[in-house]
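# Analysis of the macromolecular model
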Amino acid sequence: MSGESLWSIFLNASLVNNFVLAYFLGICPFLGVSGKLATATRMGAAVCFVMLVSSLCAYGIHRLLVAIEAPYLQLIAYIVVIASTVQLVEMFIRKMSPALFRALGIFLPLITTNCAILGLALFQTNKGYTLVQSLVYALGAGAGFTLALVLMAGIREKLELAAVPDAVQGTALTLMIAGILSLAFMGFAGLGA
Amino acid sequence: MKGAEKAVPAISTDDFIKGLWRENPVFVQVLGMCPVLAVSNSAINALAMGLATSFVLVLSNTLVSLLRHGVPRQVRIATFILIIASFVTVVDYLIQAVSLELHRALGAFISLIVVNCLILGRAEAFASKQSVSRSFLDGLGMGLGFTLALLCLGAVREILGSGALFGVALFPAGFQPWTVMILPSGGFFTLGLWLLFFNYLRVRKPAVREAVPGGTP
C-alpha cells in the first residue's frame, strides 16, 4: 500500500472514497452545517486545517507507540491528542489571526467530536502511510469533505425556494440528497488507480 | 441499586422505555449517524454494532454517574471521553477475540464508537446529573433503541441488497438484488425513507408515538 503515488492518494481520499459520501465520516457537521454556503466553506477550511495538524500528530504517536510496544493505547492516545490539538490550534489562531478566528468561530471546538478526524488518523495508520503520504491523504480527505459540504449547501440553498411536503422537511430530505450525491460520486470509482 | 430503583419506580421504567421509542436516538434525536449508515449493510453487522455501542453506553453511563461528584466541571468532557475510549478499547479486543471475521467487517468503525455523539451526549446530558441506577437504565434503553434502529436499517438493506436476512437467502434464484442498497448511497436512501416514515406518523397523528411502545412498525 505504501508504494502508492501521492496523486493517486489525493484522488482516492477526495473523490473515489470521499470521507462523507463513501465512508460516512463527519455526517453530523454534514447534516448540521450545510444550510448556508458561507458557513459550509468556513467549516470545510477549519476541518482541512485540523486534519493536516492531527495527521502529523497521529503519525508521531503511532511511531512512539510502536517504539514502546503499547498498541492498546492507540485509541486513547489519538483522541486525547486530537482534543488537545484542537484546543492548541484554537489558542494559536486567536493569538495570531483574530480575523481567521472570528471566521471559524464555533466550528473549531466542534471539530473535536468530528469522526472524520479520528477516522483519518486510524485509516492512515492502518494503511501504513509514510509522513508525506499521510499529509497528502489528510489534504485529500479535507478537500473531499469541503467539496461534499459545499455541494450540499448549494443544493439546500436552492431547496429553500421549493415547496416541500411537511413530512419530508429536515433531515429526511437532506439524507436523500446525500444519497443522490453519493450515487454521483460512485462515478469516480476506478479513477487514479 | 435495587433500592434506588424501588424508590422511584415510575421514573425508572420511563428512563428505560423512552430510549426505545419516544426519544429514539436515531429516528427522533438523529444522533450517531456515522455508524448507523456505515455498518448497516447487513443485519448481522448492524446487530453487532448495536450491541457493541450498547455495551459501551451502559458501562460509560454507569461509571460517569459513579464519578459525577468527583470530577471537576472544567475537565468533565475530557474525563468522559477518556472513560468512553477505555471501554471502546475493551470492546475492540473483545470482538477481535470472539470473531475475527466480524472485526474485519466492522473495521475502523468499532474504534469510531468513541466519537459517537450519542454516548458523549448521554454522559453529559443524563449520567453526569442522575443516580447510578437511573443512568444504567437510561444507557440500556438508549442502547437498545439504537440497536433496534440499526436493525431496521440493516434488515431493509440486506433484504433488498443481497436478497437475504442474517445470511439466509429469502428469494428464489431468479431474484435480482438491488446492489445499490448495500452501497453507501443505499444507506442514505434507506435512512432518509425511515425518517420520512417517522415524520409522516408524527405529522399525521401525534397520538401514535405514545401508543406504540416498540420501534417496529
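Residues numbered from 1 in each chain as written. Chains lettered and ligands numbered in written order. Predicted model: local features only at pLDDT ≥ 70, side-chain atom pairs only at ≥ 80, totals over all residues. Heavy atoms only, no water.

As a further point, take the interface of chain A and chain B. With 37 residues of chain A in contact, the opposing surface of chain B contributes 34 residues. Between chain A and chain B lies a buried interface of about 2,900 Å² when both sides are counted; carbon and sulfur atoms form 86% of it. Of all residues in chain A, the largest losses of buried area upon contact with chain B belong to F24(A), L75(A) and L175(A), amounting jointly to 21% of the total for that side. Remark: the boundary between chain A and chain B carries 0 salt bridges. Linking chain A with chain B are 1 residue pair in polar contact (both at pLDDT 80 or more). Among the elements that take part in the side of chain A that touches chain B, helix 9 (residues 171–186) of chain A stands out by supplying 10 residues, more than any other. Taken together, the residues that form the side of chain A that touches chain B break down as 28 nonpolar, 8 polar and 1 charged. (Contact = heavy atoms within 4.5 Å. Buried area = accessible area lost by both parts, 1.4 Å probe. Salt bridge = Lys/Arg side-chain N within 4 Å of Asp/Glu carboxyl O. Polar contact = N/O pair within 3.5 Å; in protein donor to acceptor, adjacent residues only side chain to side chain. Helix = DSSP H or I, 4+ residues; strand = E, 2+ residues; numbered from the N terminus. Nonpolar A, V, L, I, M, F, W, Y, C, P; charged D, E, K, R; others polar.)

All names here are of chain A. Tallying each qualifying case throughout the model produces 13 aromatic pairs over all chains. With a centroid separation of 6.0 Å and an interplanar angle of 10°, the aromatic rings of W7 and F10 are classed as stacked. Of this pair, W7 and F10 both sit in helix 1 (residues 6–16), separated by 3 residues, roughly a single helical turn. On the accessibility criterion, F10 (22% relative accessible area) is partly exposed. Taken together, the ring pairs connect F19, Y23, F123, Y129 and Y137 into an aromatic cluster. (Phe/Tyr/Trp six-rings, centres within 6.5 Å; stacked < 30°, edge-to-face > 60°. Buried < 20%, exposed > 50% of the residue type's maximum accessible area, 1.4 Å probe, protein only.)

Moving on: helix 9 of chain A. Taking 1.5 Å per residue as the helical rise, helix 9 of chain A with its 16 residues ought to reach 22 Å, and the 22 Å between its terminal C-alpha atoms agrees with that figure. If you follow the buried residues of helix 9 of chain A, they end up packed against helix 1, helix 2 (27–32) and helix 8 (131–159) of chain A together with helix 3 (33–38) and helix 9 (184–204) of chain B. (Expected span 1.5 Å × (residues − 1).)

With 8 of 11 residues buried, helix 1 of chain A lies mostly within the body of the structure. In this structure, the buried side of helix 1 of chain A is in contact with helix 8 and helix 9 of chain A.

The next thing to look at is a nonpolar patch on the surface. Judged by side-chain polarity, L6(A), L56(A), L131(A) and V132(A) come together as a nonpolar surface patch covering roughly 320 Å² of accessible area. Within the secondary structure layout, L6(A) lies in helix 1. (Patch = residues over 30% accessible without salt bridge, like charges linked within 9 Å, V, L, I, M, F, W, Y side chains within 5 Å. Areas by Shrake-Rupley, 256 points an atom, 1.4 Å probe, with all protein chains shown as cover.)

Turning to the pattern of salt bridges, a few remarks are in order. All names here are of chain B. Taken as a whole and assessed by the stated rule, the structure comprises 3 salt bridges over all chains. For the salt bridge of D138 with K18, the shortest nitrogen-to-oxygen distance reads 2.9 Å. In this pair, D138 is assigned in helix 8 (residues 132–162) and K18 in helix 2 (residues 9–20), connecting sequence segments 120 residues apart. With respect to class, D138 is no different from K18; both count as buried. Where E124 meets R76, a salt bridge forms, and the shortest distance between an N and an O atom there is 3.0 Å. Residue E124 is found in helix 7 (residues 117–127), and its partner R76 is found in helix 5 (residues 76–98); the two are separated by 48 residues along the sequence. Assessed through its relative accessible area of 23%, E124 is described here as partly exposed. When salt bridges that share partners are traced, they join K18, R122 and D138 into one network.

Attention now moves to the packing of helix 3 (residues 37–67) of chain A against helix 7 (residues 115–126) of chain A. Residues and elements named next belong to chain A. Relative orientation of the contacting elements helix 3 and helix 7 amounts to 40°, with a least axis distance of 9 Å. Taken together, helix 3 and helix 7 sit at an angle that is classed as oblique. The interaxial crossing formed by helix 3 with helix 7 has right-handed handedness. Packed against helix 3, whose contacting residues are V47, V50, M51, S54, S55, A58, Y59 and H62, the element helix 7 presents A116, I117, L120, A121, Q124 and T125 at the interface. Looking at the contact of helix 3 with helix 7, its residues break down into 9 nonpolar, 5 polar and no charged. (Axes fitted to C-alpha atoms, helices over the stretch in contact; angles between N-to-C directions. Parallel < 35°, antiparallel > 145°, perpendicular 65-115°, else oblique. Left-handed = near helix turned anticlockwise from the far one by under 90°.)

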